[in-house]
Amino acid sequence: MPGFLRRLFAPRWQHPDAKVRSQAIGRLDPARPEQRQALETLCLDTDATVRQAALERIDSPETLLVLLARQPELTEIRRRLVVLLSGQDGGHDLAQRVRIVESLDDRVLLSRLALEGDNQQLRLAAVERLTAEEDLIEQACDNGIAAVRHAAATRVTSEAGLQRLVQQARRDRQVVRHARERLNRLRKDAASLAAAQAQREALLAKLEAHARAPWEPLYAGRFRHFVREWEAFDDLPEIEQEHRFQEACLSCRKIISDHEAHEHAIAETDRRREQAAEARESLLEALEESLAGLPRGDRLTGQDIASLRAQKVLLANRWQTLSDLHVTDEALRQRYDTVLRNYDEVLAAWERLESHASDIEQALKEKDIERLQSVIATCNWPDTLPKSPLLVRAQQMLSGREEPEEEALEARLDRFTQDLEQLEQLLDRGAFKGASRLHQSLRHRADTLPAAKLRPYQATLKRLGARLAELRDWRGFVAGPKREQLCQAIELLADDTTLPDAELDRRHRQLIRDWKGLGDAAASRELSEHFRSASDRIHERLAPWREHQVHERSRNLEARIALCEQLEALLDMPAADADPDALRRIRDQAREEWRRHSPVPREQAQAIGRRFGRIRFALQSLIDQRAKEVADAKRQLIDEAQALIERPLPPDARAARAKSLQQRWRELGRAPRGEEQTLWREFRSACDQIFVLREAQRDDRMQRGRQRLDEMQALIDRLDAWQPTRHADGAVLEQAIDQAAALEPLPSGRRTEGMRRRWSGIVRTRRERLARLAVVEEIQRWEACRSLLDAHLAADAACLEGSACEEVPFDQGLDLSTDMRSAHEQRNASRHNPPPPQEVSEQLARLRVHLSLLAMGRVSQHDEPLRLAIQVERLNEGLGRELSRAEEVSIVLRNLLATGPVSPEQWEREVGELDSLLTRLTRLPPP
């Protein structure tokens, strides 16, 4: 269909002309669905009048809400909804309207309904749906229903919103009061929260500084104190503060754990050192026991020497291994040297005897007494050792007796009896090796003793031998499976090619130590050869590695020698003020470096170990000496701190000196371990007393400061209530200013700043009032002498008319100042020698402009030259000090009285403005 026909037959509500569409709206029936649809379409029309007309036919709020959702920018829909939901039109039930309002989200619509609703319940429902604080403030300030205002004000929670309520809610005092109370409470809570946050921040700063501090004896206690203070806060910390607290705690706990680990390592090292000392001592005791048992025997045989040599080799090897790991104690080292000297003496005597044994045998065979004596003298056999069988035969030949003397036999029997008792004690303790050696010696000596003498002891020797055999069998029973396990273990170790050389050597050595630890228990040739063959295979595999170890030991030896030389150089020239802590660090680092350069060649290990031991002993002595000096210096600091308490010094100066003492305490280093904490407690107690005195003085100062603040507040209140009534009352103000100056200095703070601002304002106001009163009093005095001025004006008029120039007499009843009396006399004199009238007019104009400047601060354009001249004159006159307004008014009035003669015409021209300016001066504040 063509466009024209389509428009021709289209409904009128779709007509292109807006007026036609508006007219068609009245014919549409909202009850009919198709026409209602047309009305809804017209509600969204492009023309505002069409939309307005269509909306007036819609009575359903639900329909309007749907249309508003389609076109949110159309304000006509909102206005129609306000009309319908507020009860102005439509006749909808209140419950229905409230239900619709409770589902709304449009803040503009809700605000209008809260302001224009016809029912309190409806308005409250609209306010309940409002969320923006600006809308709630608007309702609390402008709503006509008190309950709605209170409901809206209750939901305002921000500080800015409450401040706006206090300033803008003038309609409802209750809203203002509640808002002010909530605002004050909010600010108080914010201040409390800020104070708590500041306390947390200060505590965090202390904790973080503590986390960066080195370890000290009270470190853990202070950390626990900080944690307890943190947990004592009632409020919750910020996330950043909690994160910082956790990080600081981790750092502190790390320092504590590191210190505990260090202490544990030291304790473990001490334990291992004690174990090494015990092992050394047991080895020494075994060799000492063997050496001590030699004199108790009847004979010294080669078997005894072989056993002694084996013990010495075991002692030397084990001693060297332990010395590589731990420094030898000085007492044990001396015992070790003594045992080695005793062993060397015995071995040297035996070797001398062995070297001359053939000569002794030859002399015995030939019965050459002289030669035998000479060879025995050459052997120089010690008297403390029992003689060998060869020497016994030689002594018998020399003495000419075949049987020992009876006394010697009794001595041998006594020694035999004592050794039997010792054998029983060894068996009771389970000392198999010592008991076996002693039992073997007793058996050999039993063969040399007469049977008759030996008969009482044979049963005891047999019984102890049975106990020894039982102990041997038990050791064999226990050691048999162990030896088989060791053989299997060393076979597996020899076949294992995956182990590194160091681990292989460690396990091999451990197996050898375990094998040797079994002694001769359950020993057999087959197992021994089997174990030895596997050990030889391992030795072949480890040959290159051991060669490398030899070179490594050489390098370690060189490093240890260099370390010893460095330490010896340090000990030769120690610093006079050497820090014991630094010396302790050197000692610990030297110990660590010594352990790091291990092992060393076995031949030089003992010598370099002794050298390092002596160096460590000397270094420790130096540390102890320096620590003792530090302890003495700290005791002197304690005495100074305690003397500082008694000295008559200001608490702040005393606290400053205590801080300098604390700084010196920190710079001294640590005293010996047992004394440091005791000295620290004494020093800290003295410092705490000093700081307590300072805090008491500060509290007293704060108390006096609060008292001065209270007195200043009372002075401010008194001066605020005082109003001067005359200029002479300025003495009261000056007295109050002197009192305020006497109260200075006031404690710093917000209260003091506020009081000073208020005091300055009050003083400024009172000075302005006194200045105004001074001006008023000057004008009042001028008014009092107005009769004198009138008399002068009358005399001037008569004189200017040609009459006789008469002088105006002075009225004694007038209270005039000296300047005014001088002006009066000058005025009388001017009539006898009158100036030109033009000069009098200029003088009057000048005085008028001067008063105008004092009264209004500005003049007219034609008086501008006079204003400039007057200002220059005022500046010149005020070079010494600035004149007050009252003084300038007095000068102007004096000059006005002195100016003459003035004609009535001149006076009439100026008197009106002069009076108005004087009246204005009584009302204006001073500049």
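Remember, it's a predicted structure, so these values are computed and weren't measured experimentally.

Definitions and cut-offs
- Residues numbered from 1 in each chain as written.
- Predicted model: local features only at pLDDT ≥ 70, side-chain atom pairs only at ≥ 80, totals over all residues.
- Heavy atoms only, no water.
- Helix = DSSP H or I, 4+ residues; strand = E, 2+ residues; numbered from the N terminus.
- Buried < 20%, exposed > 50% of the residue type's maximum accessible area, 1.4 Å probe, protein only.
- Contact = heavy atoms within 4.5 Å.
- Areas by Shrake-Rupley, 256 points an atom, 1.4 Å probe, with all protein chains shown as cover.
- Core = buried A, V, L, I, M, F, W, Y, C linked by side-chain atoms within 4.5 Å.
- Salt bridge = Lys/Arg side-chain N within 4 Å of Asp/Glu carboxyl O.
- 1 Å grid on protein atoms, 1.4 Å probe; cavity = no way out; pocket = protein on both sides within 12 Å on 5 of 7 lines; lining within 4 Å.
- Points joined across faces, edges and corners; volume = space filled by probe spheres on them.
- Nonpolar A, V, L, I, M, F, W, Y, C, P; charged D, E, K, R; others polar.

For the protein chain, the helix and strand inventory stands at 38 helices and 0 strands. The 927 residues of the protein chain split such that 38% are buried. Taking all contacts inside the protein chain whose residues are at least 6 apart in sequence as the whole, residues at least 24 apart take part in 71%. Accessible surface for the protein chain amounts to roughly 53,100 Å². Of this, 51% is attributable to carbon and sulfur atoms.

Attention now moves to the nonpolar core. Soluble globular proteins tend to pack their nonpolar side chains together in the buried interior. W782, L851, V889, L896, W907, L918 and L921 are the most contacted members of the largest nonpolar core, which totals 34 residues. Those elements that place two or more of their residues in this core are α32 (750-784), α33 (786-800), α34 (818-832), α35 (837-855), α37 (885-898) and α38 (904-921). Broken down by element, this core gets its largest block of residues, 7 residues, from α37. Counting residues in hydrophobic clusters, the runner-up holds 33 residues, among them L308, I360, C379 and L390.

Evaluation of the coordinates by the stated rule reveals 32 salt bridges. E744 is the salt-bridge partner of R756, the closest N and O atoms lying 3.0 Å from each other. Separated by 12 residues along the polypeptide, R756 in helix α32 and E744 in the loop between α31 (730-743) and α32 bring together distant segments of the chain. The exposure class assigned to R756 is partly exposed, which follows from its relative accessible area of 31%. By relative accessible area, which is 35% here, E744 ends up partly exposed. Ionic contacts of the salt-bridge type, sharing partners, join the residues D717, D720, R758 and R766 into one network.

Summed over the entire model, instances satisfying the criterion amount to 2 cavities of 30 Å³ or more. Of the pockets and cavities examined, the second largest cavity occupies roughly 30 Å³. As for the second largest cavity, its lining consists of W782, R786, L896, W907, V911, L914, D915 and L918. At 5 residues, the largest contribution of residues to the lining of the second largest cavity is made by α38. In terms of residue class, the lining of the second largest cavity is made up of 6 nonpolar, no polar and 2 charged.

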